[in-house]
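Chain by chain, the residues run as shown.
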Amino acid sequence: MFHVKHFDVVVIGGGHAGAEAAAASARMGARTALVSMQKDRIGVMSCNPAIGGLGKGHLVREVDALDGLMGLAADAAGIQFRLLNRRKGPAVQGPRTQADRKLYRLAIQALLSQQVGLEIVEGEVVDLIEGPGGKVTGVQLLDGTALTAASVVLTAGTFLNGIIHIGDQRKSGGREGDVASIRLGQRLGSLGLPRGRLKTGTPPRLDGRTIAWEGLEEQPADDDPVMLSFRNSRPAVRQVACGITHTNERTHDIVRANLGRSAMYGGHIEGVGPRYCPSIEDKVVRFADKTGHQIFLEPEGLDDHTVYPNGISTSLPAEVQFDYVRSIKGLERVNILQPGYAIEYDFFDPSALRPTLESVLSGLYFAGQINGTTGYEEAAAQGLVAGANAAAAALGLDPILFSRSESYIGVMLDDLISRGVTEPYRMFTSRAEFRLHLRADNADQRLTAKGIATGLVGADRVQFFAGKMERLSAANALLAERSCTPPELLAAGLSVSRDGARRNLLQVLAGADVTWDHILLLEPRSAEVDPETRLQVWRDALYAQYLHRQDAEANTLQRNEAITIPADLQFSGLPGLSNELSAKLQRRRPSNLAEAERIEGMTPAALLLILAHCRKSAQARTAVR
């Protein structure tokens, strides 16, 4: 008789999505199992050794605001912190760190080991257990062990039927050094869920001891580093510099001469790759007029000689990789430790998901690359949402939903569910309509209270957040209560209109070229405000004057999100809808009016028809009661 173990939630996969899903579920109070093929591979950075960036850094901060793991682990392992877009406004700045691969993996494993209510199980999931009505009620491992649960979260990454391509050579694998998940992939394929194939790639790994660093441009870490977690203020380990080099015409000639031997251009791969992270083959073909492409030479660890050449991912044969890499300045004598490769894998259409990331199979949640996204940060955010909602369902709690108006997490989920994907999805600040409000610096002010209310945030984070908000509230109150006349402001050295209007110091602080030194002259008590609080008060004041219109738009969106569409509504039966739009609505199954509004081809007239039916259904339900 096979061994059976019982949990509230089972999470499959120990990557970035799986780690966050398991931790979130356990924080919610659910008895949680995290199943990984190899315990010591949990938290591995499969591709580039970096966390954060533009848009992605916003997601990391939001995960951190909800007491997630990624920001804490990135800060523990960060060997080069940089704030991208530092010269632009805070709304489009993105914190990023180059991470030590080993330290990051160990940090994730340490955080998971400390999580109460979480058990890590080593094994391969080969089947799903289904209960009455097709509800997923657990998983079966290769050794016959059954893990039963009220909810199952699948975070398979690139492992489902994964195939690694190097030139015309191909082999099964979830990533280099790890076996693919074949039997689970076949099982999911038998369920009739809409699925497709995507691909991603990675560059060759170089031996840093054989790079001529002295002739290359250096990119140092920031002198005033910005952390990924709100709970940290300084790096935990030594900071290092990266190198910068470029491809050249000789590099491009070598690539062009061998395009037919590339797995992608040779017709060996059917999956679609990420447009915003093109391979060197794509760059040479798509940007034929460019004579060079920038490459960042990123060290993979403080005690690791491996270097990640960011910008030259490839699926060319190993010998061609050797030739084109050695054509690059500084790499003339470099040794390749591991060839670059492309990996092709199964994904499932995210437009079939609910906003909780539950699939059409009751009890089964999807998170990460299985939903068509690319990137550690996108995966982590989805993992947190899926894990929290899987736990909420198991414990009989209300679902935890995220709006476009309150978070980048909400933007990403809505994009995936309302639009689906035709290529790997990546987060950008430009995807958010409310990005003046959805800044990386205020993610905790936007989301931590929500996390506390839903049980997703632990006691330590609650205490830390309360202290920060007390300091912010006191500083804002101090500046709001002190108002000044134009003569007072002129006397303090500020340029101001002589209109006779008084201005409080929050309004003054938002002015051009105003510093805290000016505020000190006008209100000496502001000297008691600590530097971190001063900076946040300034950011909030800077954008306050621009947020009124966004707030109005956000309120409209929230009202539409509150208008739910009955789950059993047959769009094909609604008079006035075109056959094409009816088919799209029937396939996408929007859960509210805001989701329906963003479906391609939606018209105002069609929205009014749907709204009228929703109101009619609501009145009918009220009459029955």
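Residues numbered from 1 in each chain as written. Predicted model: local features only at pLDDT ≥ 70, side-chain atom pairs only at ≥ 80, totals over all residues. Heavy atoms only, no water.

1. Comments concerning the overall build of the protein
Piece 1. Across its full length, the protein carries 20 helices and 24 strands.
Piece 2. Along the three orthogonal principal directions, the C-alpha set of the protein runs to about 80 × 75 × 50 Å.
Piece 3. For the protein, with 625 residues in total, the buried portion stands at 56%.
Piece 4. Intrachain contacts of the protein at a sequence separation of at least 6 include 73% that bridge at least 24 residues.
Piece 5. Split by element, the accessible area of the protein, about 26,300 Å² in all, is 52% carbon and sulfur.
Piece 6. For the protein, the separation between the mean place of its 69 positive charges and that of its 71 negative charges on side chains is 2 Å. (Helix = DSSP H or I, 4+ residues; strand = E, 2+ residues; numbered from the N terminus. Buried < 20%, exposed > 50% of the residue type's maximum accessible area, 1.4 Å probe, protein only. Contact = heavy atoms within 4.5 Å. Areas by Shrake-Rupley, 256 points an atom, 1.4 Å probe, with all protein chains shown as cover. Lys, Arg positive; Asp, Glu negative; His and termini not counted. Charge placed at Lys NZ, Arg CZ, Asp CG, Glu CD.)

2. Some thoughts on the environment of Pro299
Piece 1. With respect to the helices and strands, the residue Pro299 is situated in strand 18 (residues 294-299).
Piece 2. Note on Pro299: relative accessible area 14%, which makes it buried.
Piece 3. For the pair Pro299 and Val240, spaced 59 residues apart in the sequence, the C-alpha separation amounts to 8.2 Å.
Piece 4. In this structure, Pro299 is in contact with Pro49, Ile79, Gln98, Ala99, Val240, Ala241, Cys242, Thr306 and Val307, ignoring residues within four places of it in sequence.

3. Describing empty space enclosed by the protein
Piece 1. Across all of its chains, the model carries four cavities of 30 Å³ or more by this definition.
Piece 2. Of the voids in this model, the largest cavity is the one considered here, and its volume is about 60 Å³.
Piece 3. Taken together, Leu193, Pro194, Phe348, Asp349, Ala352, Leu353, Ser359, Val360 and Phe366 make up the lining of the largest cavity.
Piece 4. Grouping the amino acids of the lining of the largest cavity by side-chain chemistry returns seven nonpolar, one polar and one charged. (1 Å grid on protein atoms, 1.4 Å probe; cavity = no way out; pocket = protein on both sides within 12 Å on 5 of 7 lines; lining within 4 Å. Points joined across faces, edges and corners; volume = space filled by probe spheres on them. Nonpolar A, V, L, I, M, F, W, Y, C, P; charged D, E, K, R; others polar.)

4. Regarding the sheet that holds strand 19 (residues 306-310)
Piece 1. Pairing within the open sheet is antiparallel, and its six strands lie in the order 16-17-18-19-15-20. Looking at strand neighbours, the two that pair on one side only are strand 16 (217-219) and strand 20 (336-338), the edges of this open sheet. Within this sheet the neighbouring strands show an average axis-to-axis angle of 35 degrees, counted without direction. (Pairing = 2+ DSSP bridges. Axes fitted to C-alpha atoms, helices over the stretch in contact; angles between N-to-C directions.)

5. Some remarks on the pattern of salt bridges
Piece 1. With the rule as written, the count across this model stands at 39 salt bridges.
Piece 2. In this structure, the salt-bridge partner of Lys171 is Glu176, at a minimum N-O distance of 3.1 Å.
Piece 3. Of the charged contacts in the structure, one is a salt bridge between Arg354 and Glu358, with a shortest N-O distance of 3.7 Å.
Piece 4. With a relative accessible area of 14%, Glu358 lands in the buried category. (Salt bridge = Lys/Arg side-chain N within 4 Å of Asp/Glu carboxyl O.)

6. Topic: the sheet that holds strand 21 (residues 341-348)
Piece 1. Taking strand neighbours across the sheet as the criterion, the four strands line up as 13-12-21-14 in an open arrangement whose pairing is antiparallel. The sheet is open, and its two borders are formed by strand 13 (169-172) and strand 14 (195-202), each paired with just one other strand. Across the sheet, the mean angle from the axis of one strand to that of its neighbour is 25 degrees, orientation sign disregarded.
Piece 2. As defined by bridge partners, strand 14 adjoins strand 21 across eight bridges and the pair is classed as antiparallel.

7. As for the domain arrangement of the protein
Piece 1. We note that the domain assignment places domain 1 (4-202 + 345-454), domain 2 (205-341), domain 3 (459-548) and domain 4 (563-624) within the protein.
Piece 2. Placing the centre of domain 2 and that of domain 4 at their C-alpha centroids yields a distance of 48 Å. (Domains from an automatic or database assignment.)

8. Description of the side chain of Thr158
Piece 1. You can see Thr158 is positioned in the loop between strand 11 (151-154) and strand 12 (163-166).
Piece 2. Only 2.5 Å separates the side chain of Thr158 from the backbone oxygen of Gly174, close enough to count as a polar contact.
Piece 3. Not counting residues within four places of it along the chain, the set of residues in contact with Thr158 comprises Gly173, Gly174, Thr200, Ile343, Tyr345 and Gln369. (Polar contact = N/O pair within 3.5 Å; in protein donor to acceptor, adjacent residues only side chain to side chain.)

9. Side note on the environment of Pro575
Piece 1. Locating Pro575 in the fold gives a position in the loop between helix 17 (547-562) and helix 18 (579-588).
Piece 2. Sequence separation between Pro575 and Ala606 is 31 residues, and the spatial gap between their C-alpha atoms is 9.8 Å.

10. Focus on the packing of helix 2 (residues 56-65) against helix 10 (residues 408-419)
Piece 1. In the contact formed by helix 2 and helix 10, the axes pass within 9 Å of each other and the chain directions differ by 115 degrees. Overall, the two elements helix 2 and helix 10 adopt an arrangement that is roughly perpendicular. Judged by residue contacts, His58, Leu59 and Glu62 of helix 2 engage Tyr408, Ile409 and Met412 from helix 10.
Piece 2. Its residues assigned to classes, the contact of helix 2 with helix 10 shows four nonpolar, one polar and one charged. (Parallel < 35°, antiparallel > 145°, perpendicular 65-115°, else oblique.)

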